Amino acid sequence: MTMRVFGMTNVGMKRQVNQDSFLIKEYDCGLLAVVCDGMGGASGGEEASSTATAAFSGYIDISLAGADDPGIPLDKWGMGETKDLSGRAVNKDKSVKEILLSAVRAANNAVYAAANENDALNGMGTTLVSAYISGDKVYAVNVGDSRMYIIKDESITQITHDHSFVQYLVDIGKMTADEAKTSNNRNIITRAVGTEAVVETDFFTVDTDMSGGYVLLCTDGLTNHITEEDIVKCVTEAEGPEGACASLIEKANLGGGSDNITVVIISM
């Protein structure tokens with residue numbers, strides 16, 4: 001399956017510093033995209049998101065060392081042993097789920113350590129959402145309220161589940177989804193990378209036919225200011241992922257742009 005991918009980040013209309021980070025990386029065996037939305041003050045949020053992005057992708061790099069057989073990643077990224085850049089043996093007989101969850105733990109450890117080493121960064125953290133695509137499967141992990149959507153046949157499906165206070169209230173029946181969208185507490189997240197020594201991560205697998213569809217990763221700077229219907233319209237009417245990213249960010253800024261906005265779109 002041929003994929004086209006593009007990512008874009010924007011400071012928005014209200015913020016002075018962009019605390020979002022994203023990364024797109026293509027391997028012989030698949031494509032990886034990750035989006036992070038930092039918190040903890042101007043310096044802390046920026047540091048948290050960039051540190052998490054680097055640590056997460058760095059772990060994937062080591063795990064994928066030598067795994068260049070495109071047939072392997074449908075279930076596993078490699079077999080036997082290889083060596084990382086420091087010469088240590090790395091067991092490649094790991095499932096996609098295990099590797100992605102371990103990569104989140106690596107990101108959590110890196111952010112948590114940095115926060116504890118510098119008083120100015122104490123309490124910083126970040127959301128994280130990532131998709132790894134190989135063959136006809138999409139694997140995803142998330143912590144926090146950055147999201148992954150699947151857009152297919154003019155419809156949109158949110159794959160990830162927000163770890164936020166308002167989502168918790170919706171889940172227990174104390175708030176409607178519409179009320180959550182306008183709540184003053186909608187930016188409070190209940191789970192983040194780097195704020196605690198251990199992080200709990202959600203994992204998802206999408207194995208439906210994605211031909212002609214799209215994978216969208218985004219921060220809440222987008223979803224706080226644009227409806228799902230408008231997301232579909234921006235993505236499907238644009239000329240490719242780059243145009244779709246630009247259209248989504250423009251729409252979110254016109255809607256208020258109260259936060260940084262980051263989007264990654266993968267066209268399948």
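**Q** Got a sec to walk through the nonpolar core? Specific residues and values, please.
**A** With 30 residues, the main nonpolar core has F56, I60, L100, V104, L128 and V193 as its most contacted residues. Put simply, the parts of the chain that give this core at least two residues each are β3 (30-39), α1 (41-63), α2 (96-117), β7 (128-134) and β8 (137-143). Considering every element that reaches this core, the biggest residue donor is α2, with 10 residues. Grouped together as the second largest cluster of nonpolar side chains are 21 residues, I156, Y214, C234 and L248 included.

**Q** I'd like to hear about the layout of surface pockets, residue by residue, with values.
**A** One number sums up the size of the largest pocket: a volume of about 550 Å³. What lines the largest pocket is a set of 22 residues, among which R147, D162, A177, K181 and T223 lie closest to the centre. Of all elements in the fold, only β9 (147-152), α3 (165-171), α4 (177-182), α5 (220-223) and α6 (228-237) reach the threshold of two or more residues within the lining of the largest pocket. Split into classes, the residues belonging to the lining of the largest pocket amount to 7 nonpolar, 7 polar and 8 charged. Lining of the second largest pocket is provided by 13 residues; of these, D37, G38, M39, N187 and D259 occupy positions nearest its centre. Here the element with the most residues in the lining of the second largest pocket is β3; it accounts for 3 residues.

**Q** Please provide a residue-by-residue account of the pattern of salt bridges, values included.
**A** With the rule as written, the count across this model stands at 7 salt bridges. The shortest N-O distance in the salt bridge between D162 and R147 comes to 2.7 Å. With D162 in the loop between β10 (155-158) and α3 and R147 in strand β9, this pair connects stretches of sequence that are 15 residues apart. Just as D162 is buried, R147 falls in that class too. Residues joined by salt bridges that share partners form a network here, namely R191, E200 and D202.

**Q** Tell me what's going on with the environment of N142, and back it up with residues and numbers.
**A** Following the sequence through the fold, N142 ends up in strand β8. A sequence separation of 13 residues divides N142 from V129, and the C-alpha atoms of the two residues are 4.2 Å apart. Look past the residues within four positions of N142 in its chain and what remains in contact with it is L128, V129, T160, H161, H163, T201, D202 and F204. Side-chain polar atoms of N142 contact the backbone oxygen of G144, separated by 3.5 Å.

**Q** Give a description of the sheet that holds strand β12 (residues 214-218) that names residues and reports values.
**A** Strand order in this open sheet of 5 strands is β1-β13-β12-β9-β10, and the pairing throughout is antiparallel. The open sheet is flanked by β1 (4-10) and β10, the only strands paired with a single partner. Pairs of neighbouring strands in the sheet enclose a mean axial angle of 20°, with direction left out of account. In this sheet, β10 lies alongside β9 in antiparallel orientation, the contact comprising 4 bridges. Looking at the pairing, I150 lines up with T157 of β10.

**Q** Help me get a handle on the side chain of H163, residues and values and all.
**A** Structurally, H163 is set in the loop between β10 and α3. You can call H163 buried: its relative accessible area is 5%. Among the polar contacts listed, one links the side chain of H163 to the side chain of D202, at a separation of 2.7 Å. Those residues in contact with H163, other than ones at most four positions away along the chain, are N142, V143, G144, D145, I189, T190, R191 and D202.

**Q** Tell me what's going on with α2, and back it up with residues and numbers.
**A** In an α-helix there are 3.6 residues to a turn, and that puts residues three or four apart on one side. Under the 1.5 Å per step criterion, the end-to-end length of α2 is 32 Å for 22 residues, consistent within 8% with the ideal 32 Å. Residues of α2 that are buried include every one of V96, I99, L100, L101, S102, A103, V104, A107, N108, V111, A114 and A115, and no others.

**Q** Outline the pairing of β12, supporting the account with residue identities and numerical values.
**A** With 5 of 5 residues buried, β12 lies mostly within the body of the structure. What you see with β12 is no split at all: Y214, L216 and C218 on one side and V215 and L217 on the other are buried throughout. Across 5 bridges, β12 lies against strand β13 (residues 261-267) in antiparallel orientation. Bridge pairing in β13 links L217 to V264.

**Q** Hey, could you go over helix α7 (residues 240-254) for me, with residue numbers and the actual values?
**A** Along its 15 residues, α7 runs 21 Å from first to last C-alpha, staying within 8% of the 21 Å computed at 1.5 Å per residue. Of the surrounding secondary structure, the elements contacted by the buried residues of α7 are β1, β12, α5, α6 and β13. Immediately beyond the C-terminal end of α7, within one or two residues, lies G256, with a positive phi of roughly 140°.

**Q** Break down the side chain of K152 for me, with residues and values.
**A** The residue K152 is located in strand β9 in this model. Buried charge without a partner: K152 forms no salt bridge, and the closest opposite charge is D153, 4.5 Å away. For K152, the residues in contact, after removing those within four places along its chain, are D209, M210, S211, G212 and G213.

Parameters at a glance
Residues numbered from 1 in each chain as written. Predicted model: local features only at pLDDT ≥ 70, side-chain atom pairs only at ≥ 80, totals over all residues. Heavy atoms only, no water. Core = buried A, V, L, I, M, F, W, Y, C linked by side-chain atoms within 4.5 Å. Buried < 20%, exposed > 50% of the residue type's maximum accessible area, 1.4 Å probe, protein only. Helix = DSSP H or I, 4+ residues; strand = E, 2+ residues; numbered from the N terminus. 1 Å grid on protein atoms, 1.4 Å probe; cavity = no way out; pocket = protein on both sides within 12 Å on 5 of 7 lines; lining within 4 Å. Points joined across faces, edges and corners; volume = space filled by probe spheres on them. Nonpolar A, V, L, I, M, F, W, Y, C, P; charged D, E, K, R; others polar. Salt bridge = Lys/Arg side-chain N within 4 Å of Asp/Glu carboxyl O. Contact = heavy atoms within 4.5 Å. Polar contact = N/O pair within 3.5 Å; in protein donor to acceptor, adjacent residues only side chain to side chain. Pairing = 2+ DSSP bridges. Axes fitted to C-alpha atoms, helices over the stretch in contact; angles between N-to-C directions. Expected span 1.5 Å × (residues − 1). Lys, Arg positive; Asp, Glu negative; His and termini not counted.

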